[in-house]
Amino acid sequence: MNAQPVSHDERTDSVANVSYRFAYLVMSFGLLASVAYRSFMLGQSSWDLLALVLLGGVTATFYQGTHRILSRRWLMVTLTTVVIAGLLAFALVLAR
């Protein structure tokens, strides 16, 4: 009988992947909060931080796309979100 403890299995992979997901969310939303604070409170341009947030999302999307796990529903939701964001940005520019 083997008395050695298992140091790595599917459960540890699953827990590690969930922890990476939470870390990514904390960093992304933290960066977005920092961008909003710098922009609205300090009047500074924060395109460098915003580019980091976008690059993280594009990287994850590219990886998932190359492994063909993105669905048609995902595409429709993404396109709808981009269109709504564009219209909102356009309305904000006109409001200034």
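In the block above lies the structure referred to throughout.
To keep things clear, this report deals only with the structure shown in the data block. Predicted, not measured: the structure shown is a model, and the values here were computed from it. (Residues numbered from 1 in each chain as written. Predicted model: local features only at pLDDT ≥ 70, side-chain atom pairs only at ≥ 80, totals over all residues. Heavy atoms only, no water.)

## Structural notes on the side chain of S46
Where we set the bar: Here a helix means four or more residues in a row that DSSP labels H or I, a strand means two or more in a row labelled E, and each is numbered from the N terminus. The contact criterion used throughout is that any non-hydrogen atoms of two residues lie within 4.5 Å.
Mapped onto the fold, S46 is located in the loop between α1 (10-40) and α2 (47-66). S46 has contacts with V35, R38 and S39, leaving out every residue within four places of it along the chain.

## Structural notes on the packing of α1 against α2
As a reminder of what qualifies: Interaxial angle, 0 to 180 degrees, is taken between N-to-C directions of lines fitted to C-alpha atoms, where a helix line uses only the stretch in contact. When describing relative orientation, an angle under 35 degrees is termed roughly parallel and one over 145 degrees roughly antiparallel, while 65 to 115 degrees is termed roughly perpendicular and anything else oblique. Left-handed describes a crossing in which the near helix is turned anticlockwise from the far one by less than a right angle; the clockwise case is right-handed. For this scheme, ten residues count as nonpolar: Ala, Val, Leu, Ile, Met, Phe, Trp, Tyr, Cys and Pro. Four count as charged, namely Asp, Glu, Lys and Arg, and the remainder, Gly too, count as polar.
Contact geometry of α1 with α2 gives a least axis separation of 9 Å together with a crossing angle of 155°. Between α1 and α2, the angle is such that the two are roughly antiparallel. Relative to α2, α1 is oriented so that their crossing is left-handed. Contacts from Y24, S28, L31, L32, S34, V35 and R38 of α1 reach α2 at D48, L49, L50, L52, V53, G56 and G57. Along the lines of polarity and charge, the residues of the contact of α1 with α2 split into eight nonpolar, four polar and two charged.

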